[in-house]
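Understanding the architecture of this molecule
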Amino acid sequence: MNLPRHPITDLDSLLGPSGFEVTCEQCFELLDRHVELTLAGADADAAVPGMRAHLEGCPACKEDHESLLALVADDAGHGAT
Ligand SMILES: [Zn+2]
């Protein structure tokens, strides 16, 4: 007889690379790296997969990201004193 495929297989394809999203905890840990890469002109979204998707859906982390980005950018601007 034909057994149905294990549900995890379908779930797995559902959560492919494009659907991957970090948790708030991972987001917090990766925030520095993402901001640094962004300011360096690198493709931060590609380097830190799941970050962009999380920021789109999590206002709290998005705010953290934006304030850190502003802070680091400001810091870099005043670094040559
Ligand atoms: Zn979050």
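None of the values given here were measured: they were computed from a predicted structure.

What follows deals with the coordination of the zinc ion. Within the protein, the zinc ion binds to Cys24 (SG), His54 (NE2), Cys58 (SG) and Cys61 (SG); these donor distances fall in the range 2.0 to 2.3 Å. Each of the four donor atoms around the zinc ion contributes to a set of angles spanning 106 to 117 degrees, which defines the coordination as tetrahedral. When the donors of the zinc ion are listed by position in the chain, the intervening gaps give C-x29-H-x3-C-x2-C. One end of the pair, Cys24, is in helix H2 (residues 24-39); the other, Cys61, is in helix H5 (residues 59-77), and 37 residues separate them in sequence. Owing to a relative accessible area of 41%, Cys24 belongs among the partly exposed residues under this scheme. The exposure class of Cys61 is buried, given its relative accessible area of 9%.

We now examine the side chain of His65. Along the chain, the position of His65 falls in helix H5. When its relative accessible area of 6% is taken as the criterion, His65 is described as buried. Setting aside its immediate chain neighbours within four residues, His65 contacts Leu31, His34, Val35 and Leu55.

Quick look at the confidence of the model for the protein now. Averaged over all residues, the pLDDT of the protein equals 83, while 74% of them reach at least 70. No element of the protein has a lower mean pLDDT than helix H1 (residues 7-14), at 48, and none a higher one than H2, at 96.

One turn of the α-helix equals 3.6 residues, which is why residues spaced by three or four share an orientation. For H5, which comprises 19 residues, the first-to-last C-alpha distance of 27 Å matches the rise-based estimate of 27 Å (1.5 Å per residue) to within 8%. The complete set of buried residues in H5 reads Cys61, His65 and Leu68. Here the buried residues of H5 occupy an arc of 75 degrees about the axis, which is enough to place them on one side. The outward face of H5, more than 90 degrees from its buried face, is lined by the exposed residues Pro59, Ala60, Glu63, Leu71 and Gly77.

Closest axis-to-axis distance for the H2/H5 pair is 10 Å, and the angle between their directions is 35 degrees. Crossing geometry of H2 relative to H5 is assigned as right-handed. Residues Cys24, Cys27, Leu31, Asp32, His34, Val35, Thr38 and Leu39 of H2 lie in contact with H5, whose contacting residues are Cys61, Asp64, His65, Leu68, Leu69, Val72 and Ala73. Of the residues contributing to the contact of H2 with H5, the split by class is 10 nonpolar, three polar and two charged.

Calculation rules
Residues numbered from 1 in each chain as written. Predicted model: local features only at pLDDT ≥ 70, side-chain atom pairs only at ≥ 80, totals over all residues. Heavy atoms only, no water. Donors = N, O, S within 2.8 Å, 3.2 Å for Na, K, Ca; no water. Tetrahedral: all angles 85-135°; square planar, octahedral: opposite > 155°, others 65-115°. Helix = DSSP H or I, 4+ residues; strand = E, 2+ residues; numbered from the N terminus. Buried < 20%, exposed > 50% of the residue type's maximum accessible area, 1.4 Å probe, protein only. Contact = heavy atoms within 4.5 Å. pLDDT = per-residue confidence, 0-100. Expected span 1.5 Å × (residues − 1). Arc of directions from axis to C-beta. Axes fitted to C-alpha atoms, helices over the stretch in contact; angles between N-to-C directions. Left-handed = near helix turned anticlockwise from the far one by under 90°. Nonpolar A, V, L, I, M, F, W, Y, C, P; charged D, E, K, R; others polar.

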